[in-house]
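Spelled out from the first residue to the last, the chains are:
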Amino acid sequence: GGTSVPVLFCFSVFARPSSVPHGAGYELLIQKFLSLYGDQIDVHRKFVVQIFAEEWSQYIDLPKGFVVSERCKVRLVPLQIQMTTLGNLTPSSTVFFCCDMQERFRPAIKYFGDIISVGQRLLQGARLLGIPVIVTEQYPKGLGSTVQEIDLTGAKLVLPKTKFSMVLPEVEAALAEIPGVRSVVLFGVETHVCIQQTALELIGRGLEVHIVADATSSRSMMDRMFALERLARTGIIVTTSEAILLQLVADKEHPKFKEIQNLIKASAPESGLLSKV
């Protein structure tokens with residue numbers, strides 16, 4: 001009836017007394033662990049929650065359906081294996097991020113015309129498949145708005161920013177409104193600045209990130225190449241627009257397959273961009 005229960009939360013060498021509401025279950029315990037030890041926890045590992053069982057005089061895995069009813073001691077145990085990033089994509093758990101595809105960058109970014117073309121194709125695919133799209137513009141007052149070739153019709157959010165990363169409070173709020181979001185497909189400019197910083201922040205929040213190599217570029221191909229190499233080593237998936245679109249439809253019998261296939265057939269000319277991944 002609204003009462004709280006004392007719980008000792010143990011993680012690694014730490015043990016901190018706290019409390020949770022009577023009847024709290026697994027999810028609330030996890031939230032409490034994150035609030036107490038968030039800066040210590042590596043989100044890329046799997047964990048098991050255990051409770052100290054007096055009858056065994058040791059910790060046991062938290063029983064299914066467990067709720068806190070009395071004073072207890074729990075611990076969070078990281079498993080030794082790291083989670084494998086499989087990179088499976090489904091429209092219902094995916095969101096597209098279009099980063100800073102702005103007019104002022106046109107003369108400076110290598111292959112900008114080609115990444116505009118591929119970006120537009122990706123956004124058309126997103127509309128066909130009902131995938132939410134989040135768009136940012138870096139300091140649009142000085143750098144202009146998104147290029148006119150890119151149709152932002154139906155975008156969930158178009159947001160100005162000064163921070164390099166796209167992960168702004170408004171973006172986090174928009175992600176929270178999308179039930180079951182697991183994967184972010186990210187493209188735009190510049191690969192080694194806004195794309196890289198966005199990707200690292202997103203995986204830090206437990207999301208899987210797919211960077212579209214034929215839809216992202218920089219002023220310098222060396223900056224771009226080393227950014228993609230670094231990101232791939234962190235478990236971020238570096239892929240292509242065609243691979244993304246066909247993975248999202250997954251089957252020739254998908255009702256939107258023909259329309260997606262037509263988008264792919266109208267592909268950008270071979271620019272040499274992918275040879276520099």
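Residues numbered from 1 in each chain as written. Predicted model: local features only at pLDDT ≥ 70, side-chain atom pairs only at ≥ 80, totals over all residues. Heavy atoms only, no water.

As recorded in an unreviewed UniProt entry, the protein goes by the name Isochorismatase domain-containing protein 1, listed as coming from Cuculus canorus. UniProt annotates the protein under Sequence similarities (unreviewed entry) with the comment "Belongs to the isochorismatase family." (UniProt positions renumbered as here; feature names shortened; annotations may be inferred.)

This brings us to the UniProt feature "domain: Isochorismatase-like" (unreviewed entry) in the protein. According to UniProt, the "domain: Isochorismatase-like" (unreviewed entry) feature falls on residues 94-242. Summarising residues 94-242: 40% helix, 25% strand, and an end-to-end C-alpha distance of 16 Å. (Helix = DSSP H or I, 4+ residues; strand = E, 2+ residues; numbered from the N terminus.)

Further remarks concern the domain arrangement of the protein. Taken domain by domain, the protein consists of domain 1 (4-78) and domain 2 (91-264). Relative placement of domain 1 and domain 2: their C-alpha centres are 37 Å apart. (Domains from an automatic or database assignment.)

What follows covers the side chain of Thr 216. Along the chain, Thr 216 falls in strand E10 (residues 208-217). A polar contact of 2.8 Å, which involves the side chain of Thr 216, links it to the backbone oxygen of Gly 188. (Polar contact = N/O pair within 3.5 Å; in protein donor to acceptor, adjacent residues only side chain to side chain.)

Successive side chains on a regular strand alternate, one facing one side of the sheet and the next facing the other. Counted residue by residue, strand E9 (residues 183-189) has 7 buried out of 7 residues, so it is predominantly covered. With burial as the criterion, each face of E9 is covered, one bearing Ser 183, Val 185, Phe 187 and Val 189 and the other bearing Val 184, Leu 186 and Gly 188. By the bridge criterion, 6 bridges tie E9 to E10 in an arrangement that is parallel. Residue pairing across strands places Val 189 opposite Ser 217, the latter belonging to E10. Regarding the hand of the β-α-β motif, the stretch spanning E9, helix H5 (residues 191-204) and E10 is right-handed. (Buried < 20%, exposed > 50% of the residue type's maximum accessible area, 1.4 Å probe, protein only. Pairing = 2+ DSSP bridges. Right-handed = clockwise from strand over helix to strand, strands pointing away.)

Moving on, we get to the pairing of strand E6 (residues 94-99). Extensive coverage of E6 is indicated by the burial of 6 of its 6 residues. Pairing of E6 with E9 involves 6 bridges; the strand directions are parallel. When the bridges of E9 are listed, Cys 98 appears paired with Phe 187. With 4 bridges joining them, E6 and strand E7 (residues 133-138) adopt parallel strand pairing. Residue Cys 99 lies in a different strand from E7, and its bridge partner there is Thr 136. In terms of handedness, the path from E6 via helix H2 (residues 112-129) over to E7 forms a crossover that is right-handed.

Where H5 meets helix H6 (residues 221-233), the closest approach of the two axes is 9 Å, and the angle between their N-to-C directions is 15 degrees. Classified by the angle their axes make, H5 and H6 are roughly parallel. The interaxial crossing formed by H5 with H6 has right-handed handedness. Along its contact with H5, which presents Thr 191, His 192, Gln 196, Ala 199 and Leu 200, the element H6 presents Asp 223, Arg 224, Ala 227, Leu 228, Arg 230 and Leu 231. Grouping the amino acids of the contact of H5 with H6 by side-chain chemistry returns 5 nonpolar, 3 polar and 3 charged. (Axes fitted to C-alpha atoms, helices over the stretch in contact; angles between N-to-C directions. Parallel < 35°, antiparallel > 145°, perpendicular 65-115°, else oblique. Left-handed = near helix turned anticlockwise from the far one by under 90°. Contact = heavy atoms within 4.5 Å. Nonpolar A, V, L, I, M, F, W, Y, C, P; charged D, E, K, R; others polar.)

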